[in-house]
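An overview of the molecular structure
Okay, here's what each chain looks like letter by letter:
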Amino acid sequence: MTITNKQFLKDCALYVKGDITELRFRGKPTVVEAFAKTLSASRKFYVAVQEESFPDAVSALKQKRAASKNLREQTGYTWPL
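A quick note: this is a predicted structure, and the numbers were derived from the prediction, not measured.

A few points about the overall build of the chain
Check the secondary structure of the chain and you find three helices and zero strands. For the chain, the α and β elements follow one another from N to C terminus as α-α-α. A globule of 81 residues ought to have a C-alpha radius of gyration of about 12 Å, and the chain, at 13 Å, matches this closely. Taking all 81 residues of the chain together, 23% fall into the buried category.

Digging into the packing of helix α2 (residues 29-50) against helix α3 (residues 54-75)
Helix packing geometry: the angle between the two helix axes and the distance between the axes. As a packed pair, α2 and α3 sit with axes 8 Å apart at the nearest point and diverge in direction by 160°. What the angle tells us is that α2 and α3 run roughly antiparallel. For the pair α2 and α3, the sense of crossing is left-handed. Every residue of α3 that contacts α2 at Thr30, Val31, Ala34, Phe35, Lys37, Thr38, Ala41, Ser42, Lys44, Phe45, Ala48 and Val49 is listed here: Asp56, Ala57, Ala60, Leu61, Gln63, Lys64, Ala67, Ser68, Asn70, Leu71, Gln74 and Thr75. Partitioning the contact of α2 with α3 into residue classes produces twelve nonpolar, eight polar and four charged.

A look at unusual backbone geometry
In the Ramachandran plot, Glu52 falls in the positive-phi region, its phi being about 55° despite a non-glycine side chain. With respect to the helices and strands, the residue Glu52 is situated in the loop between α2 and α3.

Observations regarding the environment of Glu73
Looking at the secondary structure, you find Glu73 in helix α3. When its relative accessible area of 57% is taken as the criterion, Glu73 is described as exposed. A C-alpha to C-alpha distance of 9.8 Å links Glu73 and Ala34, two positions 39 residues apart in sequence.

Observations regarding the packing of aromatic side chains
Remark: the centre distance and the inter-plane angle together describe each pair of aromatic rings, the angle taken between the planes. Within the structure shown, the criterion is met by six aromatic pairs. The interplanar angle of 50° and the centroid separation of 5.7 Å between the aromatic rings of Phe35 and Tyr77 together place this pair among those described as tilted. Residue Phe35 is found in helix α2, and its partner Tyr77 is found in the segment after α3; the two are separated by 42 residues along the sequence. Judged by relative accessible area, Phe35 falls into the buried class, the value being 12%.

Parameters and conventions
Residues numbered from 1 in each chain as written. Predicted model: local features only at pLDDT ≥ 70, side-chain atom pairs only at ≥ 80, totals over all residues. Heavy atoms only, no water. Helix = DSSP H or I, 4+ residues; strand = E, 2+ residues; numbered from the N terminus. Rg over C-alpha atoms; globule rule 2.2 N^0.38 Å. Buried < 20%, exposed > 50% of the residue type's maximum accessible area, 1.4 Å probe, protein only. Axes fitted to C-alpha atoms, helices over the stretch in contact; angles between N-to-C directions. Parallel < 35°, antiparallel > 145°, perpendicular 65-115°, else oblique. Left-handed = near helix turned anticlockwise from the far one by under 90°. Contact = heavy atoms within 4.5 Å. Nonpolar A, V, L, I, M, F, W, Y, C, P; charged D, E, K, R; others polar. Phe/Tyr/Trp six-rings, centres within 6.5 Å; stacked < 30°, edge-to-face > 60°.

Next up, the structure:
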C-alpha cells in the first residue's frame, strides 16, 4: 500500500470517527458519490454503535454494507472500514 493510500485510509477513519468533518475527492462523479455514500454510511454506523443504539446500529450496518457493495461493484475497491 502506498503512502497516499495509507493517508487516504487514515483520513477516512478520522472522518468516520468524527475527528474531521470534511474530505475532498476528485474523480469521476459516480465514483466520488460512491465513496461519499460509503463514508457517510460508515459514519452513521459508528455513531449508532457509540450511542449503544442496537436497532439503529443494525439498520446503519445494513446501509453501510449496501454502500460498500455498491462501491466495490463500481470501482473494484473493497471498503476496509
